[in-house]
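Listed below, chain by chain, are the residues.
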Amino acid sequence: MSELHAQTVSFVRETMIPPAPPPTRQTGALSWLRENLFSGPVNTILTLLGLAIIWFLVSHFWDWFAHSVWNAASLAECRQIIAETWGEGARGACWAVIRERWNQYLFGFYPMELYFRPVMAFGFLMVALAPVLFSESLQIRRIVLIVSAALTLVLMAVLGAPMVWLAFAAVVMIGAVVIAERHAPWLLIFSVLYPLLGIWLLWGGSLWPQIMVLASIGLGWLAWKLLVRVSPLLAMVAGVLVTLILWLVAVGPAAEDAQRLIPLAITAVDSDQFGGFLLSITIGVAGIALSLPLGIILALARRSDMFLVHTLAVMFIEFIRGVPLITLLFVASLLLNYFLPPGTNFDIILRVIIMVTIFAAAYMAEVIRGGLAALPRGQYEAADALGLDYWKAQRLIILPQALKISIPGIVSTFIGMFKDTTLVVFVGLFDPLKGVSDFVRANFAWKGVYWEPFIFVGAIFFIICFSMSRYSMFLERRLRREHR
């Protein structure tokens, strides 16, 4: 029983509290402004300073954007239209250069009648990426596939694609939408085959080399299957050796013989006709797809207990990170052929992709090594306690957690690598930022146009990089990397 009595309580209210006005609203625009922009003296000063900078920029550049000309045949005509419309001394942007040369910024010097092929290749790229990037969300995967299919088919029709190619693209895209609804993992088969299909669509030529590459991979898998019961390590080595030997020795002659027997080719396009965003996206996507697995292998090698593996990994990573990318691009352009057998014709874009991949993989390895080092030691001990071997422990326990931790760094490396694709201008390729812009300005009609191409190219780069950043945030939320 409680010993508390009314006389022992220090204060007891005897009258009712008078009515008070309702509390200040905690929601709405004024509340948001007070909490986010004017929460204190420093925040208020920074807000006012930011508004002043925005006002300065808008007041300084507004007339330049407002007086834009979108339809003209030359820079002189743009200036004449601006002077007649807004008076002498007025200034304005001449977006007519983008309107007239948009195809070169997007496709470089790719044959105009074949523009539908890169469009179809990038449409198929979305089909290949959808089951990988959006494996957990049926709704997002459905939206991505339907929008990609609609855009691809419409753009191909606008660009004058032949009916055969339109029907082929429609079958693939609509089939992907249907398969994604019923058996989404089946789309991973298309994801595996896409690199060969994409190369064939972009560069054209015979389809038989791609078919022979698939056949060599199949024979390598068969060799692995026959020896895996004897020794898993021996089976893996045999499978890799059989595949590589067939690639180096038999694929080329077999493809030529097959082409003579059954012609199966489309119009070939040389690498020097690539340019603009077609070139940047091709190098960027290939580099991203190849640098991630190579970076994982390098990160594991650097943390290996084997002295030789660890030393070689450290030497490779530190050497690549200590050399500027432009140096590697010059090696790809000028020196790499000196180390190849005489008569070897190594495509310049393939050489650039190899060097960009190596460069990005070295940075990727350090990002992933940071994720591996952040894992508690108990995770490694748990894998040992379960009796897992090294590769099963890495695949099932260690790497899934390390990669989740490393997502921000991995995406930052991807974004940096994609922007670095503009450096290919120094090895004679036409990047969209400088190579194509310089080519456009070489025409007397557009000589003197500077800001418009940079703003246009920068806007497209921003859209692509911002999309990658938003996907990274989506992935972080989905994987709940905060270890709840």
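Structure report, in brief. For clarity, every value in this text was computed on a predicted model and none was experimentally measured. (Residues numbered from 1 in each chain as written. Predicted model: local features only at pLDDT ≥ 70, side-chain atom pairs only at ≥ 80, totals over all residues. Heavy atoms only, no water.)

Describing the packing of aromatic side chains
- Using the criterion set out here, one finds 24 aromatic pairs in the structure.
- Here Phe-190 and Tyr-194 contribute two aromatic rings whose centre-to-centre distance is 6.4 Å and whose plane-to-plane angle is 45 degrees, an arrangement assigned as tilted. Here Phe-190 and its partner Tyr-194 are both found in helix α8 (residues 187–203), 4 residues apart, which amounts to about one turn of the helix.
- Using a relative accessible area of 12% as the deciding quantity, one classes Tyr-194 as buried. (Phe/Tyr/Trp six-rings, centres within 6.5 Å; stacked < 30°, edge-to-face > 60°. Helix = DSSP H or I, 4+ residues; strand = E, 2+ residues; numbered from the N terminus. Buried < 20%, exposed > 50% of the residue type's maximum accessible area, 1.4 Å probe, protein only.)

Looking at the environment of Glu-136
- Along the polypeptide, Glu-136 turns up in the loop between α5 (116–133) and α6 (138–158).
- For the pair formed by Glu-136 and Pro-162, sequence separation is 26 residues and the distance between their alpha carbons is 36 Å.
- Each residue touching Glu-136, except ones within four places of it in the same chain, is listed here: Arg-141 and Arg-478. (Contact = heavy atoms within 4.5 Å.)

Description of the environment of Phe-56
- Tracing the chain through its elements places Phe-56 in helix α2 (residues 41–66).
- Taking C-alpha positions, Phe-56 is 62 Å from Glu-14, a pair spaced 42 residues apart along the chain.

Looking at helix α11 (residues 276–302)
- Over its 27 residues, α11 extends 37 Å from the first C-alpha to the last, a length consistent with the 39 Å expected when each residue adds 1.5 Å.
- When the local axis directions of α11 are compared, the greatest deviation, roughly 30 degrees, occurs at Ser-291, which is followed within four positions by the proline Pro-293. (Expected span 1.5 Å × (residues − 1). Bend = angle between axes of the 7 residues up to and from the residue.)

What about helix α14 (residues 348–374)?
- Helix length check: α14, at 27 residues, gives a terminal C-alpha distance of 39 Å against a target of 39 Å (1.5 Å per residue), a fit within 8%.
- A distance of 2.9 Å separates the backbone nitrogen of Ile-349 from a side-chain oxygen at the start of α14, and that oxygen is part of Asp-347. (Polar contact = N/O pair within 3.5 Å; in protein donor to acceptor, adjacent residues only side chain to side chain.)

Considering the state of the cysteines
- Under the defined criterion, the tally for this structure stands at 1 disulfide.
- Residue pairing for Cys-78: its cysteine sulfur links by disulfide to Cys-94, the two sulfurs lying 2.0 Å apart. Residues Cys-78 and Cys-94 are joined by a disulfide whose S-S torsion is about 55 degrees; by sign, that bridge is right-handed. Of the two residues, Cys-78 sits in helix α3 (residues 75–86) while Cys-94 sits in the loop between α3 and α4 (96–107), which places them 16 residues apart along the sequence.
- On the accessibility criterion, Cys-78 (0% relative accessible area) is buried. (Disulfide = S-S within 2.5 Å.)

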